[in-house]
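Overview (structure and organization)
The lines below spell out each chain.
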Amino acid sequence: MKKQPVLVVGVRVGVIGLIALRRGPLRRLPVGYAVADVDLDGRLDLYVVGIGERTSGQKWIGRNDTNRNQLWHNDGQLRFTDITASSGTAGRGTSTLAAVFFDADNKNLIFAVEDGDGFALTPIYSEGDAGRFAVLELDDAGLAHVTFFQSSSAVSDTGPAPGDIVYGAQAADGSWSFEVVGQVNAQVLGFEDARRTVALQLVDRNPVVAFIDTETLSFAERGSNGWGTTLVAQADGDPFQVVGLAVDGAGEPHITYSTVTANGPLDGKIWYARRG
């Protein structure tokens, strides 16, 4: 099977639920747990919370006689290792009823490749609020190229926020390098599934990028002196929403984009732009 790369953002989250104690004075009280791949090795790890004082000698999981929370690393073959101490996740020893995994700082951009038994996950970028509106293209050698928005201010689900458009390229040895393509000043961070603010195409393995925020539409291409950016259009009261990019046989860019004229439901216009 041919390997197909994709991009995902954040931690691989598993199941959140409750375990009922079967013995002891707290046997009727449910206990929280959560599972997630905390180290991105492709196996789900287990976090179980402590539930307060127990009868002397009553063990929780493994050799734990205390009431601390526990993080167990999945070693495979149904074997787990207690990594609570090394990961600093024991808590304060007070009663805890629930647990949940999530990517609190939203910093990891993950590159994933299907390997036949699932996906191999590799963090490739973790600077700031990375990975929003990520776009992936493959060149004729099968190497990956990505672009995405990185916010340079406090994250807001409503925005707008300033930030950088970042481009990354995979080398033949699997390593990655990244460059800032350009800046935007008014990027709305919410509704990411309904918005495409970055577009990427390759011309003989050379990247060209179109990107928008609510106020501007820009086109960028990389030359011998780095990235050059051209302002294509400026919003006239109607914010930009989606951008698309294609390149013809002569290497010339063709851009489509939309503007929003009314909310709830969204009304708008579709535009086309070309150079010359």
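Refer to the structure presented above.
Summarised in this report is the structure supplied together with it. These figures come from a predicted structure and were not determined experimentally.

About the thresholds
- Residues numbered from 1 in each chain as written.
- Predicted model: local features only at pLDDT ≥ 70, side-chain atom pairs only at ≥ 80, totals over all residues.
- Heavy atoms only, no water.
- Salt bridge = Lys/Arg side-chain N within 4 Å of Asp/Glu carboxyl O.
- Helix = DSSP H or I, 4+ residues; strand = E, 2+ residues; numbered from the N terminus.
- Buried < 20%, exposed > 50% of the residue type's maximum accessible area, 1.4 Å probe, protein only.
- Pairing = 2+ DSSP bridges.
- Axes fitted to C-alpha atoms, helices over the stretch in contact; angles between N-to-C directions.
- Core = buried A, V, L, I, M, F, W, Y, C linked by side-chain atoms within 4.5 Å.
- Contact = heavy atoms within 4.5 Å.

**A closer look at the pattern of salt bridges**
Scanning all chains against the criterion turns up 4 salt bridges. Linking Asp140 and Arg205 is a salt bridge whose minimum nitrogen-to-oxygen distance equals 2.8 Å. Note that Asp140 is positioned in the loop between β9 (129-138) and β10 (144-151) and Arg205 in the loop between β13 (198-203) and β14 (206-212), a separation of 65 residues in sequence. Across the pair Arg222 and Glu179 runs a salt bridge whose closest N-O atoms are separated by 2.9 Å. On the criterion of sequence distance, the pair formed by Arg222 in strand β15 (residues 216-223) and Glu179 in strand β12 (residues 176-187) is long-range, its members being 43 residues apart. For Glu179, a relative accessible area of 29% puts it in the partly exposed group.

**Digging into the environment of Gly226**
Considering the arrangement of structural elements, one finds Gly226 in strand β16 (residues 226-234). Given the relative accessible area of 31%, Gly226 is considered partly exposed. As for Gly226 and Val181, which are separated by 45 residues in sequence, their C-alpha atoms are 8.7 Å apart.

**Brief notes about the sheet that holds β12**
The 4 strands are arranged β9-β10-β11-β12 in an open sheet whose pairing can be described as antiparallel. Either end of the sheet is taken by a strand with one partner, and the two such strands are β9 and β12. Sheet twist, expressed as the average angle between the axes of neighbouring strands with direction ignored, equals 20°.

**Side note on the nonpolar core**
The biggest cluster of nonpolar side chains holds 14 residues, and the ones touching the most others in it are Ile165, Val181, Val198, Val209, Phe211 and Trp227. Going through the elements one at a time, β9, β11 (161-170), β12, β13 and β14 are the ones with two or more residues in this core. Among the elements that take part in this core, β11 stands out by supplying 3 residues, more than any other. Ile165 has contacts with Phe148, Phe149, Glu179, Val180, Val181, Gly182, Val184, Val198, Val209 and Phe211, leaving out every residue within four places of it along the chain.

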